[in-house]
Amino acid sequence: MATRKLTPAEMSEADHAFYGLVWAGTVLTERVDRALTKAHDLPVSWFEVMLWLANSEEPVAASVLGNSTMLSRSQVSRVLDALQARGLVSRTPSARDARSIEVALTPEGRRLFEEADATRRACLAPVFTDVLDRQDLEALGAVWRKLKAHKDA
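The model shown is predicted, which means the values in this text are computed figures rather than measured ones.

Caption draft 1: Main features of the overall build of the protein. When its secondary structure is counted, the protein shows six helices and three strands. Along the first, second and third principal axes, the C-alpha atoms of the protein reach 60 × 40 × 40 Å. Sequence-distant contacts in the protein: of pairs separated by 6 or more residues, those separated by 24 or more amount to 48%. Side-chain charges of the protein comprise 20 positive and 21 negative groups, with the mean position of each set lying 2 Å from the other.

Structure below.
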């Protein structure tokens, strides 16, 4: 049984790039989850839903959150239940579609989101935004857009 680690040079370029995406996503998400949970009792999945809501000027259909986040529709529903129980979101019937529910941050939800977002940014700075320059961030953005555009292929 081999006991030494593989080196990046022993992987194909595509395998190394894929491993890097998985590694970065896992490590950074775990780091943010720990920081948000410790400081705000707010799991990263809750923060993700709040992030989408905070960036929308209008209430968002619950189904849109299921299509926008990395959570399944049932996970979004459970997160919304938990956020509503804490008074962080409100759900109202849609004025545009009687079958749909729209979700918005409450004033308390917006306040907590702003605090949590500051925590997230501070937590990521030493390992992400302080390490990468503008060109790196633009390149990552271009990569994510390409991958996302072909996610259903």
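Caption draft 2: Structural detail: the sheet that holds strand 1 (residues 60–61). One open sheet accounts for three strands, arranged 1-3-2; its pairing is antiparallel. The open sheet has two edge strands, strand 1 and strand 2 (89–93), and neither has a second partner. Looking at chain direction, strand 1 and strand 3 (residues 101–105) are connected through two bridges and run antiparallel. Looking at strand 3, one finds that V60 is bridged to V103.

Caption draft 3: Local environment of the pattern of salt bridges. For the coordinates displayed, the defined rule picks out seven salt bridges. R91 is paired through a salt bridge with D81; the nearest N and O atoms lie 2.8 Å apart. A residue pair is termed long-range when its members are at least 10 positions apart, and R91 in strand 2 and D81 in helix 4 (residues 73–85) qualify at 10 residues. One network of salt bridges, in which partners are shared, links E108, R111 and E115.

The rules behind each value
Residues numbered from 1 in each chain as written. Predicted model: local features only at pLDDT ≥ 70, side-chain atom pairs only at ≥ 80, totals over all residues. Heavy atoms only, no water. Helix = DSSP H or I, 4+ residues; strand = E, 2+ residues; numbered from the N terminus. Contact = heavy atoms within 4.5 Å. Lys, Arg positive; Asp, Glu negative; His and termini not counted. Charge placed at Lys NZ, Arg CZ, Asp CG, Glu CD. Pairing = 2+ DSSP bridges. Salt bridge = Lys/Arg side-chain N within 4 Å of Asp/Glu carboxyl O.

Purely geometric stuff here, so don't read any function into it on its own.
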